[in-house]
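Take a look at the letters that make up each chain.
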Amino acid sequence: MSAEVDLAASLFDRHPADLHRFASGNRQHVLLVERSEIYDLDDDFAVRLDAHRALGLTGAHRRVRIDDAPVNPRIYSISLNVAQSCNMSCSYCYADEGRFGTAPRVMSIATARSVIDALIAQSLPGTRLVVGFMGGEPMLNRALVHEATIYASNEAARAGHPISFSITTNATLLTPADARLFHDHPFAVSVSVDGDRAEHERHRRLRNGRSSYALLVEGLGLLTMRGRPTLLSARATVAAGDTNLLERLEHLVALGFDEVGFSPVRVSPTSELENSEFSTEQFTQRMIECAQGVRERLLRGQNCALSNFLTALHQIHFGTHRPYPCGGGASYVSASASGDYYTCHRLINDGAHALGSVHSGIDTGRQHRHLDRKHVDRQTPCSACWARYLCGGGCYHEVERRGRDGCNAIRRWLNFCLESYAELSTRRPELFTTAPGRNHP
Amino acid sequence: MNDQGRKLFPRNLTARAAHFVTGNPISSRPESGVDTSAPGLEFDQRNIEALFFPGLRFEFHPARGARVAAIEQNDAWQSLGFTADRLLPHDGPAAASDAPPPLYIVCIVGRTALEQDPANPPLLYCGRMAGVEVWSHIRLLLDERVTIMLGTHPETLSPNGAFARWMLGCHRNQSMSFEQDPRMGPIAILNGTRRHYLDEAGVIDTGPGGFVAGDLTRTMCNPWQYDFRECGCFYWASNRPDLVTAPQTATATNWLRRPGSEESPPPPSVTTDPPDLLSGALASHQALMRLWDMDAERDVPDLVSNWHRLPLVIDGIEGAGTAAPTRGTGAGLLDREGIISKLTQVAQVEHALLVEYLYAYYSLRLPPAGGRDDPIGVRVKVAGDFIYRIAIDEMRHFRWANELLERMGAPHTVGRAARIPNMDLPPDSTRPFELSQLTHTQLARLIRAEQASQSDDGLGVDGIYVEILRSLAAQPTLFEQGRRLAEVVKLIIDEGADHHRSLQSVEAVLSGLREEEFLRNEAPAQTAPLRSLADVDVAIDMSNQYYSAFLAALDVGFGQGYVAGRGLIRQAIRSMRNMHEVNLLVAQSGADIPFALTASADLVRSRATSGEVSSRLRDLDYQHSQLAERAGRPAS
């Protein structure tokens, strides 16, 4: 009992940035930011705590459990940019139609093999590895995708590493052999699709003017009927002004996807498509409405796989707390077609994020400097934000191009997820008893 | 733990990990408990649903059905006349004929699955179900309204459509009634909401009307409650006591076997109410009970009430009361030289004893002439097995004593003592080493030698070890590996106590037999394996050579140290086995085994190298196989 009393008493002393109050249904909760611990509070105590804090009587002492000791990460996940060109010309594409601002290039199988060898060589025994194929459109380099997959499977098996694969594709170029490959090896296939035909083709167009939606549906047919990959997910991009996310979600689930994730356009060559700060608020509002619909379904005992929401819920359940927004530059790097390493797939050919190459190896000095610079406690305004260990500071790519103008929206979204977690874990605790085990690139 | 005083409740995993509620073990949460119901490892699930209906407590073990065990005071029920006073047996003495007949659940109306229509919940008729069956249904009930009917003769109601509709009506109207039906006796219909077993914090609800301490485990077997004998599954998470028998009358019985037979009865079936079930397996369960001579043992209530009066058993000896331990005076502690000298002596004594035991073994008339149908032969075999095992043990002690010497940095010894310590005071404190048949006299001598010393007078073999142990224990700083040495010495002492008991068993097994009946006689039988005297001579010579080679191998092996010498020690053991085979050939041919130390003493005296020893063993091997062929017994 005394441990509990100590904890309760200590809440009064917490620095405002280390504690976050929220409510769900008719319960009161608190998030202890340091380790993302969530507690239910009884009503009287909540009232007293809030009054105390409103009077500014909180402590100045910052408890720091995440220290500044540099991590020495080993890379376990790598993405190969196997084709920097693309058969589509989607208006918002950050990859500038796969060009990344330079002449299009295709990765050679030799480079791919070297990257895979390097990945295996630097991993600790038995680690699970992930190899991803990105682009442009990776299926434009079909031969490499096939060869590299088989090569990586064999080499990883010999070295005693479980390995899985991922690919992000527009699904317009798939063949039966591709579907077989994605089935025979553990593949997480992410298809870029924005909604129904109209929504999809508003921004996603083929260069030759044909219907990309029709081709996509054919491709999906191959994937779902010739043996499904381990995971088939939809990645839907939401541009400024796009609404009705719940309908899009339902449409995509009906198309046969295991899960759907929404991604707002934050950086694109055509700036009117980016979500301005006002639209970011709108996007968040739409996402919350969509997620509310999903929440209702979950409460009714139905499945509804909005990955943004479900991933957040599980991370909150596990109490994930980390000082980085992702594994980029730590356990994950991206290799360009010529074999140069970058912090992530969005930062290909960005010199500030170069981390070495397959020929010279990972530049651990640059890696450490990157992690040092990007630690969330050293960012402004992050160090004073209650959401910092859930958010991690925001996507490196977005923050560098656009700055941090979405913080309010992120906090709103996370608060919504916290409330939802509290409610769902009360009424549907069985949702949280199995651990999600997928690797996301 | 209810909500009083609780301000924080950890919700997610990091909060739970950080927030440890002191005092509640992990197993206080049902979802982390390991439970079964026959009888249960942590708690008995049936005790949870015993309170499924608020105001009533049920018992599920009766074969006739789920029986009402307690009725709470309740105004509504009181006004109906449904009270414990009238319907349940009183505590305290009452004539059996006065006790009211037990009340059982006749039927239950309530949902067990979400898909069922709440307006039309299913009815379960319990008329011919055993209590456990009713329980298995009750545990599926949703925490909603349920309606139950109680009666004394559940099987007399016929569950037809009209009855079902009427019960459903009672469920819908939430009506309650209690009446005395002329034919069926008291019938009660009660409505209620199935209890929540857990409170808001997710632990067992101990609030008013809820569970009380001990509720969940009250039907479990505990080792000291002695009802594991009735357990059908033979799995016990903790050690349980041996059978306790009254001193004079009962014979100790191996509870898995009938005495005198090799078979074991089939395991008793799991029963919830033994008198009601008559099956083949149960019949043998009862037979098992009879086997155990129930009268002479403490019966179960006696043991539960008086277990604390049983005397303590220390070191295998049951004390009649308490006794103050004898303390050594501290005088006469051995120093390093003293210990080395004693270890050397005792190693040689072990060598001498092992030879005496082997010789005694060969003197027995084995194998039994009539096989398993020869009752005397079987007894001799049992005695022989004991003696042989002791000989092996002494061989091990011989080796350990030498290893102890090595650890103390002292020279080892493979010599054989000429005199064996006795338990008697000087001048008879030793007796001569003697190759003697296992006559009753020799047996008594051996028993005496293994007797545990009763005080620290240092008499007997055990006395020497005790002296060594005392000296090690009392001077911990004097010896580098004192603790390790003491452990080995203690082990030898314990095994010595074991030998004593074994020898007493041998005595018991051979008691009443004449020596001609169990000892080999001089004249060889027609079936002697070695026909010619020449072969016998060869065999005797081989036996001696094996013996010497064995000693030589040990000598060199001990000299090389514990690790390096292992290979040679193994060879020594092999040569012992070969010697044993040859000795059997000699003994069964009616001749005597000399265990002479002189043959091949050249090996020992000259401190042969391991190569020379191995080579000698290989030669012997070859001769052995030839001899064995002639005897018609191929060497293994």
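Residues numbered from 1 in each chain as written. Chains lettered and ligands numbered in written order. Predicted model: local features only at pLDDT ≥ 70, side-chain atom pairs only at ≥ 80, totals over all residues. Heavy atoms only, no water.

Caption draft 1: Structural detail: the overall build of chain B. Scanning chain B from N- to C-terminus turns up 18 helices and twelve strands. Per-residue burial over chain B gives 44% buried out of 636 residues. Taking the contacts inside chain B whose residues are at least 6 apart along the sequence as the reference set, 71% of them involve residues at least 24 apart. Split by element, the accessible area of chain B, about 33300 Å² in all, is 53% carbon and sulfur. (Helix = DSSP H or I, 4+ residues; strand = E, 2+ residues; numbered from the N terminus. Buried < 20%, exposed > 50% of the residue type's maximum accessible area, 1.4 Å probe, protein only. Contact = heavy atoms within 4.5 Å. Areas by Shrake-Rupley, 256 points an atom, 1.4 Å probe, with all protein chains shown as cover.)

Caption draft 2: Representation of the side chain of Thr83(B) within the structure. With respect to the helices and strands, the residue Thr83(B) is situated in the loop between α3 (75–80) and α4 (84–87). Aside from chain neighbours lying at most four places away, what touches Thr83(B) is Ile71(B) and Gln78(B).

Caption draft 3: How the structure looks around the confidence of the model for chain A. On average, residues of chain A score 86 in pLDDT, and 89% of them are at 70 or above. Per-element confidence in chain A ranges from a low mean pLDDT of 70 for helix α1 (residues 2–11) of chain A to a high of 96 for strand β6 (residues 163–169) of chain A. (pLDDT = per-residue confidence, 0-100.)

Caption draft 4: Region of the structure containing the packing of helix α11 (residues 440–449) of chain B against helix α13 (residues 482–510) of chain B. Residue and element names in this part refer to chain B. The N-to-C vectors of α11 and α13 enclose an angle of 160°; their axes lie 9 Å apart at closest approach. As summarised for this structure, α11 and α13 are arranged roughly antiparallel, according to the angle between their axes. The two elements α11 and α13 cross, and the hand of that crossing is left-handed. Between α11 and α13, the residues in contact are His440, Leu443, Leu446 and Ile447 and His500, Leu503, Gln504, Val506, Glu507 and Leu510, respectively. For the contact of α11 with α13, the residue count by class is six nonpolar, three polar and one charged. (Axes fitted to C-alpha atoms, helices over the stretch in contact; angles between N-to-C directions. Parallel < 35°, antiparallel > 145°, perpendicular 65-115°, else oblique. Left-handed = near helix turned anticlockwise from the far one by under 90°. Nonpolar A, V, L, I, M, F, W, Y, C, P; charged D, E, K, R; others polar.)

Caption draft 5: Representation of the environment of Lys490(B) in the model. Mapped onto the secondary structure, Lys490(B) falls in helix α13. Along the backbone, Lys490(B) and Tyr465(B) are 25 residues apart, and their C-alpha atoms lie at a distance of 8.0 Å.

Caption draft 6: Expanded view of the pairing of strand β2 (residues 56–59) of chain B. Residue and element names in this part refer to chain B. Residue alternation in β2 divides its side chains into two sets, Leu56 and Phe58 and Arg57 and Glu59, and both sets are buried. In this sheet, strand β3 (residues 67–71) lies alongside β2 in antiparallel orientation, the contact comprising four bridges. Each bridged residue has a counterpart across the sheet, and for arginine 57 the counterpart in β3 is alanine 70. (Pairing = 2+ DSSP bridges.)

Caption draft 7: Spotlight on the confidence of the model for chain B. Residue and element names in this part refer to chain B. Residues of chain B with pLDDT of at least 70 account for 71%, and the chain-wide mean is 76. Note on residues 36–40: pLDDT under 50 across the span, and 14 contacts to partners over four residues away in sequence or across chains. This complex was scored by the predictor with a pTM of 0.48 and an ipTM of 0.83.

Caption draft 8: Layout of the sheet that holds strand β5 (residues 129–135) of chain A. All names here are of chain A. One open sheet accounts for ten strands, arranged β9-β8-β7-β6-β5-β4-β10-β11-β12-β13; its pairing is mixed. Whereas interior strands pair on both sides, the edge strands pair on one side only; in this sheet they are β9 (259–264) and β13 (361–362). Direction of pairing for strand β4 (residues 77–83) relative to β5: parallel, over a ladder of six bridges. Note that in β5 the partner of asparagine 81 across the bridge is methionine 134. Running over the sheet, helix α4 (residues 142–159) touches β4, β5, β6 and β7 (187–192) and is turned about 165° from β6.

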